[in-house]
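# Report on the structure
Each chain, written out:
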Amino acid sequence: MIKQEAGSLPLWYFQNLLNYKEICHFVSSRVGGFGDQPYDSLNLGYHVGDNPETVQKNRQRLALSVGIPLENFTFTRQVHGNKVKIITADLRGSGAFQENTAINDADAMVTNIPNICLLVLQADCVPFLFFDTKKKVIGVAHAGWRGTLRKVAQNTVKIFMEKFCCSPDNIVVGIGPSIGPCCYEVGQETIAEIRKVFRNANKYLQQENFQDKGYFNLREANKLQLIQMGIPERNIEIAHLCTKCNHTLFFSHRYHPVGTGRFGAGIMLKNPEFF
Ligand SMILES: [Zn+2]
């Protein structure tokens, strides 16, 4: 990823996605917003206990900085599941101004409609941005350990293929800032779940001398799922930015377990006349 100042905010961009003028995308940080502790400062989540007016001001600042009207921002209520919602024009702006209009029970969205900015929110979980360069289809997904074991990233690719006739060869993916294998300690119960789902769990799970804890590499586990769906490895860019190590830049639930904000990752297809 590369960092650039956009308007009044530092934003992060995937180099592979910057190659396509048909889309705009971004990853925000916790820097540059209006919030007080523990949501300081650019919290984008209404659901974490922050003052809703502050969240709205933060979202407006982000919208201005990326040059996309806030009415076009579209959110789901993320539940660590594996459901993917196809976003039709009538859903544009869901959850943009209040939590209760967000789309229920989905951790991923896909659309081929221009001017809908799909966003996922996180504080340690892995954000994904997808773009099919031929069919002009975009998607987002969000995965913590539950979403990873439930294969939300694979389900998102399935929707690209089944509903939009996409070929995985043409899908470019950015895997954003998230808790790294350096910091993502998991206990016995989670380890048992991981071993149930991944036959090759040792590739993503560092467990010294089979103690009752280990370190889970969410990014690599998800990257493998994408490759298994047929996405070429060269199409996948991983941000090696750990949210816990970089807790002054990004919100980290593990660093601030009692409460923290959420940063966002978004992608939008531009109007064809602006390609
Ligand atoms: Zn770390």
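### Considerations on the side chain of Asp-132
When you line up the elements, Asp-132 lands in strand β8 (residues 126-132). Although Asp-132 lies buried, it forms no salt bridge, and the closest oppositely charged side chain, Lys-136, sits 7.0 Å away as judged by the N-O distance. Here the side chain of Asp-132 touches Lys-134 through a polar contact of 2.8 Å, landing on its backbone nitrogen. Of the polar contacts made by the side chain of Asp-132, one reaches the backbone nitrogen of Lys-135; its length is 2.6 Å. Those residues in contact with Asp-132 that lie beyond four places of it in its chain are Val-137, Phe-160, Cys-166, Ser-167, Asn-170 and Ile-171.

### Quick notes on the packing of aromatic side chains
The geometry of an aromatic ring pair is captured by the separation of the ring centres together with the interplanar angle, meaning the angle of the planes. Scanning all chains against the criterion turns up 9 aromatic pairs. Through pairs of rings, three or more aromatic residues link up here, namely Trp-12, Phe-250 and Phe-263.

### Examining the coordination of the zinc ion
The coordination sphere of the zinc ion, as far as protein atoms go, consists of Cys-182 (SG), Cys-183 (SG), Cys-242 (SG) and Cys-245 (SG), spread over 2.3 Å. Classification of the site at the zinc ion as tetrahedral follows from its 4 donor atoms and the range of 105 to 115° in their angles at the metal. When its relative accessible area of 48% is taken as the criterion, Cys-182 is described as partly exposed.

### Observations concerning the layout of surface pockets
To find the voids left in a structure, one rolls a probe of water-molecule size over its atoms. For the largest pocket, the calculated volume is near 440 Å³. Of all the secondary structure elements, the ones that give two or more residues to the lining of the largest pocket are β7 (117-122) and α3 (145-149). When its residues are assigned to classes, the lining of the largest pocket shows 8 nonpolar, 9 polar and 7 charged.

### Re the environment of Thr-88
Along the polypeptide, Thr-88 turns up in the loop between β5 (84-86) and β6 (108-111). For Thr-88, a relative accessible area of 36% puts it in the partly exposed group. Setting aside chain neighbours within four positions, we find Thr-88 in contact with Ile-113 and Ile-116. In this structure the side chain of Thr-88 is engaged in a polar contact, spanning 2.5 Å, whose partner is the side chain of Asp-90.

### Considerations on the environment of Pro-272
When you line up the elements, Pro-272 lands in the segment after β15 (263-269). Taking relative accessible area as the criterion, Pro-272 reaches 48% and is therefore assigned partly exposed. Between the alpha carbons of Pro-272 and Glu-22 there is a distance of 7.3 Å; along the sequence they are 250 residues apart.

Parameters at a glance
Residues numbered from 1 in each chain as written. Predicted model: local features only at pLDDT ≥ 70, side-chain atom pairs only at ≥ 80, totals over all residues. Heavy atoms only, no water. Helix = DSSP H or I, 4+ residues; strand = E, 2+ residues; numbered from the N terminus. Buried < 20%, exposed > 50% of the residue type's maximum accessible area, 1.4 Å probe, protein only. Lys, Arg positive; Asp, Glu negative; His and termini not counted. Salt bridge = Lys/Arg side-chain N within 4 Å of Asp/Glu carboxyl O. Polar contact = N/O pair within 3.5 Å; in protein donor to acceptor, adjacent residues only side chain to side chain. Contact = heavy atoms within 4.5 Å. Phe/Tyr/Trp six-rings, centres within 6.5 Å; stacked < 30°, edge-to-face > 60°. Donors = N, O, S within 2.8 Å, 3.2 Å for Na, K, Ca; no water. Tetrahedral: all angles 85-135°; square planar, octahedral: opposite > 155°, others 65-115°. 1 Å grid on protein atoms, 1.4 Å probe; cavity = no way out; pocket = protein on both sides within 12 Å on 5 of 7 lines; lining within 4 Å. Points joined across faces, edges and corners; volume = space filled by probe spheres on them. Nonpolar A, V, L, I, M, F, W, Y, C, P; charged D, E, K, R; others polar.

Shape descriptors only; they carry no functional weight alone.
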